[in-house]
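Close look at the chain arrangement
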Amino acid sequence: MNIEQWDGNETIMSAYAEYMLEHNGKVVEATPASVLIETERRSACGHCSVGDRCGTSVIAGLFRRRANHVRLDNSLSLQAGDEVVIGIPEHLLLRAALWAYMVPLIFMITFALVVATTGHSDLYVVLASVVGLFNGLYLARVIHARTMAGGIVLLRKKSPGPATVNIEINMR
């Protein structure tokens, strides 16, 4: 990890260096103050030994890939088209997973229990649980957007890969 690109604040970077998840992205818009980075949402399919021969990868292939966009400070003087590496602290990702799974579940159960204890029929309990689920999903999405916005950092500009050189040898 490149510590020099964190504005000289080496203690913060070294504290997060071990727990930072990295993701590649491409700059689609750049100003002197900020950059808009596009990352592709991808599944884990294709990364195991089975590859594209399993059912999960077939189902994942049915859905189009969506790009995520994130706006960050342009601390590296980037231009449109540059390949970059962004980092997400692991604790933020764990917190987002907790919000995404637990909050909707808690809302669903709470709404169902409140309606069930008031003596309503099972139909109303089911409807209340669905309403609670959707309210929990909405709240989780709002909280997730606020939490992740300040945690994603621009780590470094991705170095170009090795160049290919064609060598022609004339044997006479």
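Residues numbered from 1 in each chain as written. Predicted model: local features only at pLDDT ≥ 70, side-chain atom pairs only at ≥ 80, totals over all residues. Heavy atoms only, no water.

Points about the overall build of the protein
Definition in use: Elements are defined by DSSP. Helices are runs of H or I of four residues or more, strands are runs of E of two residues or more, and each kind is numbered from the N terminus. Note on classification: 1.4 Å probe, protein chains only; a residue is buried when its accessible area is under 20% of the maximum for its type, exposed when over 50%, partly exposed between these limits. We call two residues contacting when some pair of their heavy atoms lies within 4.5 Å. All accessible areas in this document rest on Shrake-Rupley with a 1.4 Å probe, and a residue is counted as covered only by the protein chains that are shown.
In terms of regular secondary structure, the protein is built from 4 helices and 5 strands. Starting at the N terminus and ending at the C terminus, the protein contains elements arranged as α-β-β-α-β-β-α-α-β. Buried residues in the protein amount to 24% of all 172 residues. Considering only contacts within the protein whose residues lie at least 6 apart along the sequence, 77% involve residues at least 24 apart. In the form shown here, the protein has an accessible surface area of approximately 12,600 Å², with 59% of it arising from carbon and sulfur atoms.

Brief notes about the sheet that holds strand S5 (residues 153–157)
Put simply, the test is: Two strands make a pair as long as DSSP finds a minimum of two bridges between them. Fitted lines through C-alpha atoms serve as axes, helices being fitted only where they are in contact, and the angles separating the N-to-C directions of these axes extend from 0 to 180 degrees.
Across the sheet, 5 strands lie side by side as S3-S2-S1-S4-S5; this open sheet has antiparallel pairing. Whereas interior strands pair on both sides, the edge strands pair on one side only; in this sheet they are strand S3 (67–73) and S5. Taken pair by pair, the neighbouring strands of this sheet meet at an average axis angle of 40°, ignoring direction. Bridge analysis of strand S2 (residues 34–40) against S3 gives 7 bridges, and the strand direction is antiparallel. Residue pairing in the sheet places Glu 38 in a bridge with His 69 of S3.

A short note on the environment of Gly 151
Its location among the elements puts Gly 151 in the loop between helix H4 (122–149) and S5. The class for Gly 151 is buried, based on a relative accessible area of 8%. When the C-alpha atoms of Gly 151 and Leu 92 are compared, they prove to be 7.0 Å apart, with 59 residues separating the residues in sequence. Sequence-distant contacts of Gly 151, defined by excluding residues within four places in its chain, comprise Gly 87, Pro 89 and Leu 92.

Section: unusual backbone geometry
Outside of glycine, negative phi angles account for most residues, and trans bonds account for most peptide bonds. A positive phi angle, near 50°, is found at Ser 77, a position not held by glycine. In this structure, Ser 77 sits in the loop between S3 and strand S4 (83–89).

Here we look at the pairing of S4
The element S4 is largely enclosed, with a buried count of 6 among its 7 residues. Note that strand S1 (residues 20–30) and S4 share 7 bridges and pair antiparallel. What sits directly across from Glu 22, in S4, is Gly 87. Here S4 pairs with S5 via 4 bridges, running antiparallel. Bridged to Val 85 within S5 is Arg 156.

Some points on the nonpolar core
Convention followed: In this text, buried Ala, Val, Leu, Ile, Met, Phe, Trp, Tyr and Cys residues form a nonpolar core when linked through side-chain atoms within 4.5 Å.
Residues Val 27, Val 35, Ile 37, Val 70, Leu 72, Leu 78, Val 84, Ile 86, Ile 88, Ile 152 and Leu 154 constitute the largest nonpolar core, which totals 11 residues. Breaking this core down by element, the ones donating at least two residues are S2, S3 and S4. Per-element tally for this core: the top contributor is S4, with 3 residues. Beyond its immediate stretch of four places on either side in the chain, Ile 86 contacts Leu 21, Glu 22, His 23, Ile 37, Thr 39, Val 70, Leu 72, Ile 152, Val 153, Leu 154 and Leu 155.

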